[in-house]
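A look at the structure
Chain by chain, the residues:
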Amino acid sequence: MPYYQGFLLAVPTANRDAYKAMADSVWPMFQEFGCLGSVETWGVDTPDGKVTSFPMAVQKKEDETVVFSWMVWPNKETCDSAWEKMMADPRMQEIPEMPFDGMRMMWGGFEPLVTFGQPA
């Protein structure tokens, strides 16, 4: 069964290119270790809420943009194994520094409940 990982974070708007470069640099390893696909999205319509919202969830600052990302794995076991392999891989030392505050990033793993169309 496919397995999805979702990520939500705030990136300083000025670091958009650095964030893209970081994502580009890690994709080959994710792919090598079994990831089927990855999507990085840059928020263009993430309004503030009164009770909850994407900006509130990541404690977005005025000079930041919300980023929502997801990865598709063949199954949870492949995903878990890939993360273990990547953390032990010396190439991880070559990855650029995260251009955002990782303490405000959230992530989780999900099984599909209902799928319509062509999910990426």
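Whatever comes next refers back to the structure up there.
Residues numbered from 1 in each chain as written. Predicted model: local features only at pLDDT ≥ 70, side-chain atom pairs only at ≥ 80, totals over all residues. Heavy atoms only, no water.

Observations regarding the overall build of the protein
Quick reminder of the rule: Helical segments are the DSSP runs of H or I of at least four residues, strand segments are the runs of E of at least two, and each set is numbered from the N terminus. In this setup the radius of gyration rests on C-alpha atoms only. A globule is expected at 2.2 Å times the number of residues raised to 0.38. Buried, partly exposed and exposed residues are distinguished by accessible area as a fraction of the type maximum, computed with a 1.4 Å probe on protein chains only: under 20%, between the cut-offs, and over 50%, respectively. Areas reported here follow the Shrake-Rupley algorithm with a probe of radius 1.4 Å; residue values treat only the protein chains shown as occluding. None of His or the chain ends enter the tally, which takes Lys and Arg as positive and Asp and Glu as negative. In plain terms, the charge of a residue is placed at NZ if it is Lys, CZ if Arg, CG if Asp and CD if Glu.
Within the protein, the regular secondary structure consists of 3 helices and 4 strands. Secondary structure elements of the protein occur, N-terminal to C-terminal, as β-α-β-α-β-α-β. For the protein, whose C-alpha radius of gyration is 15 Å, the value lies close to the compact-globule estimate of 14 Å for 120 residues. Within the protein, the proportion of its 120 residues that are buried is 32%. Total accessible area computed for the protein in this model is approximately 7900 Å², and 58% of it derives from carbon and sulfur atoms. Seen as two clouds, the 9 positive and the 17 negative side-chain charges of the protein have centres 4 Å apart.

Digging into the environment of valine 66
For valine 66, the location among the structural elements is in strand β3 (residues 64–73). Placed 21 residues apart in sequence, valine 66 and aspartate 45 show a C-alpha to C-alpha distance of 9.2 Å.

Some words on the sheet that holds strand β4 (residues 106–110)
Stated formally: For two strands to count as paired, DSSP must find a minimum of two bridges between them. The axes are straight lines fitted to the C-alpha atoms, using for helices just the contacting stretch, and the angles between their N-to-C directions are given from 0 to 180°. Whether two residues touch is decided by their heavy atoms; if any such pair falls within 4.5 Å, the residues are in contact.
What the 4 strands build is an open sheet, ordered β2-β3-β1-β4; its pairing is antiparallel. Two strands bound the open sheet, and with one partner strand each, they are β2 (37–42) and β4. Mean inter-strand twist for the sheet, computed between neighbouring axes without regard to direction, equals 15°. Pairing of β2 with β3 involves 6 bridges; the strand directions are antiparallel. Paired with threonine 41 across the two strands is phenylalanine 68, which belongs to β3. Sheet strands in contact with helix α1 (residues 16–32) are β1 (3–12), β2 and β3, and its direction is about 175° off that of β2.

Some details on the state of the cysteines
Under the convention used in this document: The disulfide definition used here is simple: a pair of cysteine sulfur atoms within 2.5 Å.
Using the criterion set out here, one finds 0 disulfides in the structure. The closest cysteine sulfur to the non-disulfide-bonded cysteine 79 is located on cysteine 35, 7.9 Å from its own sulfur.

Examining the pattern of salt bridges
What counts here: We define a salt bridge as a contact between a side-chain nitrogen of Lys or Arg and a carboxyl oxygen of Asp or Glu at a distance within 4 Å.
Evaluation of the coordinates by the stated rule reveals 6 salt bridges. Residue arginine 91 is joined to glutamate 32 by a salt bridge in which the shortest nitrogen-to-oxygen separation is 2.9 Å. Of this pair, arginine 91 sits in the loop between α3 (76–88) and β4 while glutamate 32 sits in helix α1, and the two are 59 residues apart along the sequence. Among the ionic contacts, a cluster of salt bridges with common partners joins Glu32, Asp89 and Arg91.

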